[in-house]
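Read off the chains here:
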Amino acid sequence: MSLREEARAWLEENLTGEFAHARGLGGPGREHEGHDVRLAWERRLGEAGWTCLGWPEEYGGRDASLADQVAFHEEYARAAAPARVGHIGEGLIGPTILDHGTDEQKRRFLPPIQRGEELWCQGYSEPDAGSDLAGVRTRAHLDGGDWVITGQKVWTSLAHVADWCFVLARTEPGSTRHRGLSYLLVPMGRPGIEVRPIRQLTGTSEFNEVFFDGARTAAANILGAPGDGWRIAMATLGYERGASTLGQQIGFRREFAEVVATARRTGAADDPVLRDRLVRSWLELEIMRLNALRTMTSLSAGEPGPEVSIGKLYWSEWHRRLGELAQAVQGRAGLVADGPPYELNDLQRLYLFSRADTIYAGSSEIQRNIIAERTLGLPK
Ligand SMILES: Cc1cc2nc3c(=O)[nH]c(=O)nc-3n(C[C@H](O)[C@H](O)[C@H](O)COP(=O)(O)OP(=O)(O)OC[C@H]3O[C@@H](n4cnc5c(N)ncnc54)[C@H](O)[C@@H]3O)c2cc1C
């Protein structure tokens, strides 16, 4: 049985009982839905070996090929399984620890991620350091056996449920820009850390401000050497824009199908301009699929090429346009929330949340700069 077939059968068998109603929970703009059941689901996945497929077996993975990992993501989206609560651990910090951690750090941090026992958040952005990440001002110094951290992070997704945060902090006093930064692993929920939710367009709070005021983590909880933070932080961004997004067009396909079904229901499918936009959207989705295959080939060959930036730019701009189309096919009804309790419907959430797609994981402008400078060789 291929891994794809195995995954399909397992999902079918396990998205039942307490998890039957978890299908579709937690999609874009709906991260507040069913956290507890999704956490229980994460643990069920972990137990059965369906998390962290590409990791070495000694840390709970299956050593799966990239093609098999993508096949799993596709089956996962096809089954409408709940949105993962452990994706930052599996997709970002896990691969970073695998590549840059000591053996002791791998043994300490990787298995709990694989089992869904410890959730992570990413402490990079600050009020004056977003696209210009080298502007980080949060600082840390050694005191006794601990790093002591002071500063503020912002837009920290899922900090309110995370057990750990990977924090980019300045550890060499007086250093500027890329130098003097370190990559610290910091336990959440301890004295000196305050998490304040930020209310988003959807009315919910997927991200937060995080204030560190003398928060502590053990001296050993640093990835790489002091001052090595920039290099490691960039490695993490590479994973963020890489393999984990390759299977996502299956999820997009389901959203697209819902837009088409709504267009049929509201009569928007008879409008020649909207029909044109629907067809264009479908064609672009096909292009996305082909690009994903091309990216897989280049990732399998080793070095990720410009495809990764092109991929991020392409899917995020496409998804944002799909959100606009989702609103358009609803007609005027899309502008109001349906009667009490005035919850947004899925298409309204899609529209509002997809505005963020072109900002996080490197904004569209930053992706265009990367393509211009590194691929086309244009001046900075
Ligand atoms: C939903 C969501 C979740 C997020 N989750 C996290 C998280 O978990 N952890 C975390 O650390 N961060 C997170 N972020 C923050 C995200 O990484 C930043 O928002 C992003 O890097 C942009 O930074 P900024 O918001 O400071 O905007 P700025 O950098 O101030 O940019 C403002 C505008 O200027 C443009 N711009 C900036 N520099 C250039 C340039 N050199 N050339 C051309 N145009 C430029 C940008 O494209 C943008 O349009 C999240 C953001 C969102 C929206």
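Residues numbered from 1 in each chain as written. Predicted model: local features only at pLDDT ≥ 70, side-chain atom pairs only at ≥ 80, totals over all residues. Heavy atoms only, no water.

## Topic: the overall build of the chain
Counting secondary structure elements, the chain contains 11 helices and 8 strands. Computed over the C-alpha atoms, the radius of gyration of the chain is 21 Å, within 12% of the 21 Å expected from 2.2 N^0.38 for a compact globule of 380 residues. Across its three principal directions, the C-alpha atoms of the chain cover 70 × 50 × 50 Å. Counting every position in the chain, which comprises 380 residues, the buried fraction comes to 51%. For the chain, the share of sequence-separated contacts (at least 6 apart) that also reach a separation of at least 24 residues comes to 72%. Of the accessible surface of the chain, which amounts to about 18,200 Å², a share of 53% is contributed by carbon and sulfur atoms. Each charge class in the chain can be summarised by its mean position, and for the 44 positive and 52 negative side chains these summaries are 4 Å apart. (Helix = DSSP H or I, 4+ residues; strand = E, 2+ residues; numbered from the N terminus. Rg over C-alpha atoms; globule rule 2.2 N^0.38 Å. Buried < 20%, exposed > 50% of the residue type's maximum accessible area, 1.4 Å probe, protein only. Contact = heavy atoms within 4.5 Å. Areas by Shrake-Rupley, 256 points an atom, 1.4 Å probe, with all protein chains shown as cover. Lys, Arg positive; Asp, Glu negative; His and termini not counted. Charge placed at Lys NZ, Arg CZ, Asp CG, Glu CD.)

## Looking at a nonpolar patch on the surface
On the surface, Val279, Trp282 and Leu283 cluster together to form a nonpolar patch covering roughly 290 Å² of accessible area. Along the polypeptide, Leu283 turns up in helix α8 (residues 272-300). (Patch = residues over 30% accessible without salt bridge, like charges linked within 9 Å, V, L, I, M, F, W, Y side chains within 5 Å. Salt bridge = Lys/Arg side-chain N within 4 Å of Asp/Glu carboxyl O.)

## Points about the state of the cysteines
Applying the stated criterion to the full structure yields 0 disulfides. Between Cys52, a cysteine without a disulfide, and Cys121, which holds the nearest cysteine sulfur, the sulfur-to-sulfur distance is 17 Å. Cys52 gets classed as buried once you look at its relative accessible area, which sits at 1%. Cys121 takes part in no disulfide bond, and the closest cysteine sulfur to it belongs to Cys165, at a distance of 3.5 Å. By relative accessible area, which is 0% here, Cys121 ends up buried. (Disulfide = S-S within 2.5 Å.)

## Topic: the nonpolar core
Counting residues in each nonpolar core, the largest one holds 29 residues, and the members touching the most others are Ile93, Trp120, Tyr124, Phe166, Tyr183 and Leu185. Elements that contribute at least two residues to this core include exactly α4 (87-100), α5 (103-114), β4 (164-170), β5 (181-187) and α6 (229-240). Apart from the residues lying within four places of it in its own chain, the contact partners of Tyr183 are Ile93, Thr96, Tyr124, Phe166, Val167, Asn221, Ile222, Leu223, Gly229, Ile232, Ala233 and Thr236. (Core = buried A, V, L, I, M, F, W, Y, C linked by side-chain atoms within 4.5 Å.)

## Digging into the pattern of salt bridges
Taken as a whole and assessed by the stated rule, the structure comprises 27 salt bridges. Glu6 serves as the salt-bridge partner of Arg62, at 3.4 Å between the closest nitrogen and oxygen. Here the residue Arg62 occupies a position in the loop between α2 (35-47) and α3 (66-78), and Glu6 occupies one in helix α1 (residues 3-14), the gap between them amounting to 56 residues. For the salt bridge of Asp346 with Arg30, the shortest nitrogen-to-oxygen distance reads 3.6 Å. With Asp346 in helix α10 (residues 346-354) and Arg30 in the loop between α1 and α2, the pair connects residues that are 316 residues apart, well separated along the chain.

## What about the packing of aromatic side chains?
Counted under the stated rule, the structure contains 16 aromatic pairs. A centroid spacing of 5.7 Å and a plane angle of 45° characterise the contact between Phe72 and Tyr76, whose relative ring orientation is tilted. In this pair, Phe72 and Tyr76 are both assigned in helix α3, 4 residues apart and thus about one turn of the helix distant. The same class applies to Phe72 and to Tyr76, which are both buried. Plain terms: the ring middles of Trp315 and Tyr360 are 6.4 Å apart, the flat faces sit at 50° to each other, and that makes the pair tilted. A residue pair is termed long-range when its members are at least 10 positions apart, and Trp315 in helix α9 (residues 307-330) and Tyr360 in the loop between α10 and α11 (364-375) qualify at 45 residues. The exposure class of Tyr360 is partly exposed, given its relative accessible area of 37%. Taken together, Trp10, Phe19, Trp41, Trp50, Phe72 and Tyr76 form an aromatic cluster joined through their ring pairs. When the ring centre of Phe211 is taken as reference, the NZ or CZ atom of Arg196 above it lies at 4.2 Å. The ring of Tyr360 has Lys312 sitting right over it, with the charged end atom 5.6 Å from the ring centre. (Phe/Tyr/Trp six-rings, centres within 6.5 Å; stacked < 30°, edge-to-face > 60°. Lys NZ or Arg CZ within 6 Å of the ring centre and 35° of its normal.)

## A closer look at the layout of surface pockets
The volume enclosed by the second largest pocket comes to roughly 240 Å³. What lines the second largest pocket is a set of 16 residues, among which Arg265, Gln330, Ala333, Asp338 and Asn345 lie closest to the centre. For the lining of the second largest pocket, the secondary structure elements donating two or more residues are α7 (249-266) and α10. By residue number, the principal contributor to the lining of the second largest pocket is α7, which donates 4 residues. Here the lining of the second largest pocket is built from residues that sort into 5 nonpolar, 6 polar and 5 charged. (1 Å grid on protein atoms, 1.4 Å probe; cavity = no way out; pocket = protein on both sides within 12 Å on 5 of 7 lines; lining within 4 Å. Points joined across faces, edges and corners; volume = space filled by probe spheres on them. Nonpolar A, V, L, I, M, F, W, Y, C, P; charged D, E, K, R; others polar.)

## Considering the UniProt feature "domain: Acyl-CoA oxidase/dehydrogenase middle" (unreviewed entry) in the chain
Mapped onto this structure's residue numbering, the UniProt feature "domain: Acyl-CoA oxidase/dehydrogenase middle" (unreviewed entry) falls at residues 121-213. In residues 121-213, helix accounts for 0% and strand for 44%; the two terminal C-alpha atoms are 18 Å from one another. (UniProt positions renumbered as here; feature names shortened; annotations may be inferred.)

## Considerations on the site of the ligand
Neighbouring the ligand are 17 residues; Gln122, Ser131, Trp155, Ser363 and Glu365 lie closest to it. Backbone polar atom of Ser125 to an oxygen atom of the ligand: 2.7 Å apart, as the coordinates give it. Within the side chain of Glu365, a nitrogen or oxygen atom sits 2.6 Å from an oxygen atom of the ligand. Expressed as a share of its isolated accessible area of 970 Å², the protein-covered part of the ligand is 65%. Residue composition of the shell around the ligand, by class: 7 nonpolar, 8 polar and 2 charged. (Near = heavy atom within 4 Å. Polar contact = N/O pair within 3.5 Å; in protein donor to acceptor, adjacent residues only side chain to side chain.)

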